[in-house]
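If you want the building blocks of each chain, they are given just below.
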Amino acid sequence: MEHISFEDQITRNKIKSIVLIGIIFVFFVVLGYVVAQLFDPSYFFGIMMISIVVSTGYLIFSYYNSAWIALVSVRAKPASQTQHRMLLHAVENMSIASGLPMPGVYVMESREINAFASGRNPKKAVICVTTGALEKLNKQELEGVIGHEMSHIANFDIRFMTLTAVMIGMISIVSELFLRSLWFKHDSDRDGRAQIVLLVIGILFAILAPIAARLVSLAISRKREYLADATGVKFTRHPRGLADALRKIKNEHISHDDLKNFNHAVAPLFISDPFKKKISGLFSTHPPVDERIRRIEAM
């Protein structure tokens, strides 16, 4: 098996993430240009202001309350010093290895092996682990999972993905307002074949841009998972732990009752999306588990 440098993986995935978010920005600029060409500049300015205000409001609320929202949605409770000693030791070890402050540590009830990290910055971060992970993972595997989650904190992934979500929200708002405004645009306003062609292009782009931007954001999410895997290996210096944990996650049987404590809105935060564990491809927030294991074991 060809050896993969985790430092090289980290650098590549950071670059790819930046390129992908640049693509989303291009979608927004092109859509704005089309709207500006078809409507009065003042109307274009109004649409942009609405999209920016709404998206910024969402950004501020989500950014400052991300950890609280995630914990409340899964009914997580603070880890106990007596019951969850191994978990607290694992988080403390990864905190030292990463050089990050000790995050808040929480436990949620679920027989499934899973975990997530959230918070607007390392000082306000939290890590939540399922009871199933505590029961089924050994010390090395648990540290591998915690290392992955600490990597999300170290790489500011919550901030990065919130920015991505805001940009997609802005594209969606502009597209929606543009399409609705066409009902009030009179035929007399459409003078010339070039204007009609531009209008058709605008309609197609307004319909397809939010979909394309969403697909790009999912690609960003998958790259951030690869990045967290590689950074987690850097923290633990032992790829086997995370690889074995992912293998257990892949092979465990998930029933409907196992999913009752999970929330669809925060599912992408987990190390493995509980609702799409067996699904991969363009519409997945996580890369295929087999590919993640292959890359980790090659480090």
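Being a predicted model, the structure only gives us computed values, none of them experimental.

Reading the values: the criteria
Residues numbered from 1 in each chain as written. Predicted model: local features only at pLDDT ≥ 70, side-chain atom pairs only at ≥ 80, totals over all residues. Heavy atoms only, no water. Pairing = 2+ DSSP bridges. Helix = DSSP H or I, 4+ residues; strand = E, 2+ residues; numbered from the N terminus. Patch = residues over 30% accessible without salt bridge, like charges linked within 9 Å, V, L, I, M, F, W, Y side chains within 5 Å. Areas by Shrake-Rupley, 256 points an atom, 1.4 Å probe, with all protein chains shown as cover. Salt bridge = Lys/Arg side-chain N within 4 Å of Asp/Glu carboxyl O. Buried < 20%, exposed > 50% of the residue type's maximum accessible area, 1.4 Å probe, protein only. Contact = heavy atoms within 4.5 Å.

Asker: Outline the pairing of strand 2 (residues 104-108), supporting the account with residue identities and numerical values.
Answerer: Relative to strand 2, strand 1 (residues 77-78) runs antiparallel, the two being bridged by two bridges. Bridge assignment links Pro 78 to a residue of strand 2, and that residue is Tyr 106. With five bridges joining them, strand 2 and strand 4 (residues 126-130) adopt parallel strand pairing. What sits directly across from Val 105, in strand 4, is Ile 127.

Asker: Tell me about a nonpolar patch on the surface, residues and numbers included.
Answerer: Together, Ile 196, Val 200, Leu 204, Ile 207, Leu 208 and Ile 211 give the surface a local cluster of nonpolar side chains, amounting to about 550 Å² of exposed area. Residue placement: Leu 208 occurs in helix 7 (residues 193-236).

Asker: Explain the environment of Leu 88 residue by residue, including any values.
Answerer: For Leu 88, the location among the structural elements is in helix 3 (residues 85-98). Relative accessible area serves as the criterion here: at 11%, Leu 88 is assigned to the buried category. In this structure the C-alpha to C-alpha distance between Leu 88 and Tyr 106, which are 18 residues apart in sequence, comes to 9.5 Å. Excluding residues that lie within four positions of it along the chain, Leu 88 makes contacts with Ala 79, Ser 80, Gln 81, Met 102 and Val 105.

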